[in-house]
Every structure is written in structure tokens, then in C-alpha cells.
Amino acid sequence: MIPTRISEPVPVEAADPRAQWWRCSFERSEDAQLVCRDNGEMVESNRRARELFGLSVPHRTCLFDVFTHKVGENLRQLLQRHRPHPETLSGVVLLTQGRLTLFADVIVAPLEGGFFLV
């Protein structure tokens, strides 16, 4: 189950330890990972994403606002296409507090229920 807002905890089914494995993998990943809706609203972020983008929990940040304007527009168009397979934006400039932080490839993978893993 995906929460409706980032401040809501994700329930972990006691009968299925795999849910806990995936939660642990998501949170401990060295890659910044975000879960968002097609309008860019972030509903989940892992530790690395919170560090990289200076996010706090709970936060109500729009995915498009943590990138340059051009990249934000490209992401907006990509999310609204609802393609069934992952897509990659290569050589994306990442900003932290308005400063160039690094270049990275951004992979957008569709999840169930109209959510995306970025």
C-alpha cells in the first residue's frame, strides 16, 4: 500500500516478510529514490534522496521543483505519458539549494496505482 501523503506510514504485512525486505532495500539504497504521482507530488523518499535534495519528512515538495526548469518540464511530460516501461533521462543536472550538485541519469519506472519510482 502506498500512502496518500509522505507522513503516513506504510503498513508492513506481518505475514509477508518480503514487504519489510523491500522497505529496507528502498530506505538503505545508495541511489536517491522517490515515489511520486503523475502530477509530481512526492509521497515517499529514501534516506539518500532526503540528503541529496535537502528534504524533510513530512514534506510536500513537487518532484519538478528539485530539478532545473528544463528537466522538470521533461519529467512532467514523461510522467503524464504513463508508459508501461521505465524511461531514462540522461545527463540530468541535479540542484541542491540552488547549486549544481552532480550530473546523473534519472530513471522513471511506473508502479501500480498511477505512482512512479524515480
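Computed from a predicted structure; not experimentally measured. (Residues numbered from 1 in each chain as written. Predicted model: local features only at pLDDT ≥ 70, side-chain atom pairs only at ≥ 80, totals over all residues. Heavy atoms only, no water.)

Draft legend 1. Quick look at the overall build of the chain. Within the chain one finds 3 helices and 5 strands. If you list the helices and strands of the chain from N to C, you get α-β-β-α-α-β-β-β. Counting all 118 residues of the chain, 33% fall into the buried class. (Helix = DSSP H or I, 4+ residues; strand = E, 2+ residues; numbered from the N terminus. Buried < 20%, exposed > 50% of the residue type's maximum accessible area, 1.4 Å probe, protein only.)

Draft legend 2. Fine view of the side chain of asparagine 46. Take asparagine 46: it is sitting in the loop between strand E2 (42-45) and helix H2 (47-53). Apart from residues no more than four positions distant in its own chain, asparagine 46 is found in contact with Phe26, Glu27, Ser29, Asp31, Ala32 and Gln33. (Contact = heavy atoms within 4.5 Å.)

Draft legend 3. Spatial organisation of the nonpolar core. Membership of the largest hydrophobic core comes to 22 residues, with the highest contact counts inside it found for Leu34, Phe53, Leu63, Phe67, Leu75, Val106 and Val108. Every element with two or more residues in this core is listed here: strand E1 (34-37), H2, helix H3 (69-81), strand E3 (87-96) and strand E4 (99-110). Take this core: its biggest share by element is 4 residues, from H3. For phenylalanine 53, the contacting residues outside a window of four places in its chain are Leu34, Val66, Phe67, Leu94 and Leu95. (Core = buried A, V, L, I, M, F, W, Y, C linked by side-chain atoms within 4.5 Å.)

Draft legend 4. Structural context of empty space enclosed by the protein. Enumeration according to the criterion identifies 1 cavity of 30 Å³ or more in this entry. Along its surface, the largest cavity is lined by Leu78, His82, Arg83, His85, Glu87, Val108, Pro110 and Phe116. Residues that form the lining of the largest cavity fall into these classes: 4 nonpolar, 2 polar and 2 charged. (1 Å grid on protein atoms, 1.4 Å probe; cavity = no way out; pocket = protein on both sides within 12 Å on 5 of 7 lines; lining within 4 Å. Points joined across faces, edges and corners; volume = space filled by probe spheres on them. Nonpolar A, V, L, I, M, F, W, Y, C, P; charged D, E, K, R; others polar.)

Draft legend 5. How the structure looks around the confidence of the model for the chain. For the chain, per-residue confidence averages 84 on the pLDDT scale, and residues scoring 70 or more make up 84% of the total. Mean pLDDT across the elements of the chain bottoms out in E3 (86) and peaks in strand E5 (residues 115-117) (96). Here residues 1-5 scores under 50 on pLDDT; set against residues more than four positions off or in separate chains, the count is 15 contacts. (pLDDT = per-residue confidence, 0-100.)

Draft legend 6. How the structure looks around the sheet that holds E3. Within the open sheet, the 5 strands sit side by side as E2-E1-E5-E4-E3. Their pairing is antiparallel. The sheet terminates laterally at E2 and E3, the two strands that pair on one side only. Across the sheet, the mean angle from the axis of one strand to that of its neighbour is 30°, orientation sign disregarded. On the sheet, helix H1 (residues 17-28) packs against E1, E2 and E5 and is oriented at approximately 90° with respect to E2. Against the sheet, H3 engages E1, E3, E4 and E5, with an angle of about 140° to E3. (Pairing = 2+ DSSP bridges. Axes fitted to C-alpha atoms, helices over the stretch in contact; angles between N-to-C directions.)

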